[in-house]
Amino acid sequence: MADTLIIVESPTKARTISRFLSGRYQIKASLGHVRDLPKSQFGIDLDKDYEPKYITIRGKGELLKELRTAAKKAKKVYLATDPDREGEAISWHLAEALKLEKGSANRIEFREITAAAVKEAIKNPRPIDQDFVDAQQARRVLDRIVGYKLSPLLWRKLRYGLSAGRVQSVAVALICDREREIEGFVSEEYWTLEVSCQGDNGALKAKLIELEGAKPDLKSETQVNGLIASFDPACRVLSFKKGERRRLPQPPYITSTLQQDASRRLGFTARKTMMLAQQLYEGIELAKEGAVGLITYMRTDSVNIADSAYQQAQEYISANFGNEYGLKTKRKFSSGRNVQEAHEAIRPTDIFRTPDNLKSQLSRDQLRLYRLIWERFLASQMAAAIFDYVTADLKNKEAVFRLNGSVEKFPGFLKVLRTEDKDQEEDLGFLPILEVGQSLKVEEWLPKQHFTQPPNRYSEAQLIKTMEDLGIGRPSTYAPTIDTIQKREYVNRQERRFYPTELGHSVTDLLREYFSDLIDTDFTAQLEEQLDLVEAGKLNWIKAIDDFYLPFAELLAEAEKNIPVKEVEDEVTDEICELCGRNMVIKRGRFGSFLACPGYPECKNTKNLTVKLDIACPFCKEGT
C-alpha cells in the first residue's frame with residue numbers, strides 16, 4: 001500500500017513519474033493552482049499590507065477534498081510542482097490547503113522527468129522557499145492592483161471591456177511607437193561602391209570604406225559617377241593580413257531564445273512553442289520505454305548544463321563525428337543577470353534519443369520543436385568552426401576599399417547547425433595572397449543605389465527579444481502577454497507582424513499622458529529588478545509593492561478627475577449588411593467582438609466575427 005503521496009500539477013506528469021516509482025508511492029495531480037484571488041472582487045486588503053484573499057478555485061473543491069483525504073492517509077506528502085516561482089507558489093497553496101506542517105521538508109524539485117532525477121529529488125526534500133513564494137505573490141498582487149484599479153478607469157473614459165497590465169501595456173506601447181516611427185519615416189537615397197580587381201587567382205571584390213579620411217557619404221548617381229571618373233585604372237594594396245578565425249556555437253536554449261527561434265524558423269507562436277515544450281517535458285509515450293520526459297524544464301533563463309549531460313554529449317559526438325568534433329573541457333556560456341546557476345538550459349534528457357529515432361512517435365510539430373532543441377544543444381557541445389581568412393585594404397586616390405574573405409578549414413559545430421550561423425565574410429572559394437604595394441588592375445566599378453528603409457514592424461520573435469533586452473517581464477510571461485494584447489484587440493497580427501489598432505493607440509496615448517511610468521521601459525525594468533530582489537530574499541515584498549502603489553494611487557485620483565470621456569470609434573469592415581446595405585462595424589461585448597450593423601436600432605443585424613485560433617487538435621496533436 002502507498003505510504004507516500006506525491007502531488008504534481010498535471011495528469012501527464014503524474015503518469016510519467018508513476019512509471020519510475022514503486023507501489024509505495026501514490027502520485028496525484030492538482031491540475032495547476034487550487035487557490036487564487038477571486039475574479040469577482042479586488043481581493044487585496046490595501047489597509048493590511050496588501051493581504052491577499054485566496055479562495056478555492058471554482059471546480060477544484062472535490063479535487064481538493066480528494067487530496068486532503070489522500071494526505072491524511074499518507075505517512076509523508078511531497079509537493080513536486082514545477083521548479084520555478086509559479087511552481088513554488090502552487091506548492092505553498094497546496095501546503096496551506098492541506099494544512100501541512102509549516103517549515104517541514106516536503107518540497108521536492110527536479111528539472112527533468114527521468115527516473116534518476118525524480119529519485120534523487122526524493123532523497124533531498126527541502127522546505128518551501130518562502131522568498132520564491134513572496135516574489136510570485138508580489139507579482140500577482142501588483143498585476144491585480146494595476147488590472148483592477150486602472151481597467152475600470154479605461155472603461156469609464158474610453159470603452160467597456162478594456163484592460164491595462166504591468167507588462168502588456170509596455171508591449172502595446174512598443175508596437176504603437178514603432179508604427180508611428182514607420183509613419184513618420186522619410187526615405188533617403190544613398191549609394192555604395194565596390195571595385196572588382198584582377199588578382200593572380202581570379203577576381204577580387206572590395207567595398208569602399210573610406211573617402212578622404214572619412215566614412216563615405218554618397219547621395220546620388222551623379223556624385224558616384226564623378227568619383228569613378230576620378231579614379232586610376234589600378235588599385236594599390238595598402239595592407240594585407242591573413243590568419244585563422246574560430247567561431248563558437250551559440251549556447252543551448254533558454255525560454256526566450258527558444259520562443260524566438262521557434263517563431264523565426266518554425267513559424268510557431270510563443271504560446272504554441274510553450275504548449276509543445278510542456279508536452280515534451282512532462283512525458284511522451286514511447287513504444288519501448290513508456291512515458292518519458294524528452295526535454296528538461298522549459299522555463300529557464302540559465303544556459304548552464306549538468307556535468308552528466310556534458311559527458312553524454314561528448315560520448316555521442318565521439319561516436320558519430322569523431323573525437324576532433326568534441327570538447328576537451330566543459331564549455332562555459334555567459335548567463336544574464338540574476339540567473340541561478342543550479343538551473344539548467346533547455347536540453348534533451350538523453351542525447352541518444354535522436355529526432356530521427358522519434359519520428360514515428362511524435363506529432364509533426366512536437367518533432368520539429370524537439371529537433372530544434374536537440375540540434376542546438378548538440379552543437380553547443382561541439383568544437384568551434386575554424387576558418388582561414390584574409391583582409392586587405394586597397395587604395396585608389398583618396399579612397400580605401402576593403403576586401404574580406406574566408407574559407408572553411410574545419411566545420412566543427414557547423415556539421416550539425418550549418419543554417420544557424422552563416423559566415424559574415426564572402427566565401428571566395430580561395431584565399432588570395434597579396435603583397436603590400438602590389439598593383440591590381442581594375443576590372444569593373446560596381447555602384448549600387450539604395451534607399452533607407454523604415455524599421456520593420458515587430459514580429460513575435462523580435463518583440464520577445466526587445467522585451468528581454470529591455471528587462472520587461474520575464475520569459476514565462478511573454479507568451480501570455482502576447483496572447484492578451486491580441487485578445488484585447490490592441491494589436492493585430494498580419495503576415496507575422498504586429499500592427500496596432502486604433503484602440504491600441506488610444507489606450508497607449510492615455511497611459512502615456514496620465515501614467516507615463518506604467519509604459520516607461522526603464523521604470524518597468526527597474527520594477528522587475530525589485531521583484532528579483534524579493535526572490536533573492538534581499539527585499540521585503542510589501543516594501544516592493546509600497547514603492548509602486550503609493551505613487552500609483554495618487555496618479556489614479558488625478559486621472560479620474562482630469563481624463564475626459566472619449567469614446568473610441570467602431571472599426572468599419574468590408575462586410576456588407578445584407579438587410580440594409582451598410583458596411584458593418586466591429587463591436588465589443590462581454591463575450592468578445594462581433595459584427596454589427598451601424599444602423600441600430602433601425603437595423604439590428606449582427607454576425608459572429610470569425611477568428612483563426614492557434615490551438616492543438618486534441619485527437620492528432622497537430623496545430624490548427
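All figures in this text were calculated on a predicted structure; none of them were measured in a lab.

Regarding its fold elements, the protein chain presents 16 helices and 22 strands. Across its three principal directions, the C-alpha atoms of the protein chain cover 90 × 70 × 50 Å. The buried share of the protein chain, taken over its 624 residues, is 51%. Contacts in the protein chain between residues far apart in sequence, at least 24 positions, make up 71% of those at least 6 positions apart. Summed over all atoms, the accessible surface of the protein chain reaches about 31100 Å², with 48% contributed by carbon and sulfur. Taking the average place of the 93 positive charges on the side chains of the protein chain and the average place of its 94 negative ones, the gap between the two points comes to 6 Å.

This part takes up unusual backbone geometry. The omega angle of the peptide bond from tyrosine 600 to proline 601 is 10 degrees, so this bond is cis rather than trans. Structurally, proline 601 is set in the loop between strand S21 (592–596) and strand S22 (606–608). Positive phi outside glycine occurs at lysine 397, with the angle close to 55 degrees. Examined against the element boundaries, lysine 397 turns out to sit in the loop between strand S13 (385–396) and strand S14 (399–410). In this structure, glutamate 495 takes a positive phi of about 50 degrees despite not being glycine. Secondary-structure assignment places glutamate 495 in the loop between strand S17 (491–494) and strand S18 (497–500).

For helix H8 (residues 255–266), with 12 residues, the first-to-last C-alpha span of 16 Å sits near the 16 Å given by 1.5 Å per residue. Most of H8 is tucked away: nine of the 12 residues are buried. Those residues of H8 lying buried are Thr255, Ser256, Leu258, Gln259, Gln260, Asp261, Ala262, Ser263 and Leu266. Considering only its buried residues, H8 is in contact with helix H9 (270–282), helix H11 (364–380), helix H12 (460–470) and helix H13 (475–487). Positioned one or two residues after H8, glycine 267 has a phi angle of 75 degrees, which is positive.

Cut-off values and rules
- Residues numbered from 1 in each chain as written.
- Predicted model: local features only at pLDDT ≥ 70, side-chain atom pairs only at ≥ 80, totals over all residues.
- Heavy atoms only, no water.
- Helix = DSSP H or I, 4+ residues; strand = E, 2+ residues; numbered from the N terminus.
- Buried < 20%, exposed > 50% of the residue type's maximum accessible area, 1.4 Å probe, protein only.
- Contact = heavy atoms within 4.5 Å.
- Areas by Shrake-Rupley, 256 points an atom, 1.4 Å probe, with all protein chains shown as cover.
- Lys, Arg positive; Asp, Glu negative; His and termini not counted.
- Charge placed at Lys NZ, Arg CZ, Asp CG, Glu CD.
- Expected span 1.5 Å × (residues − 1).

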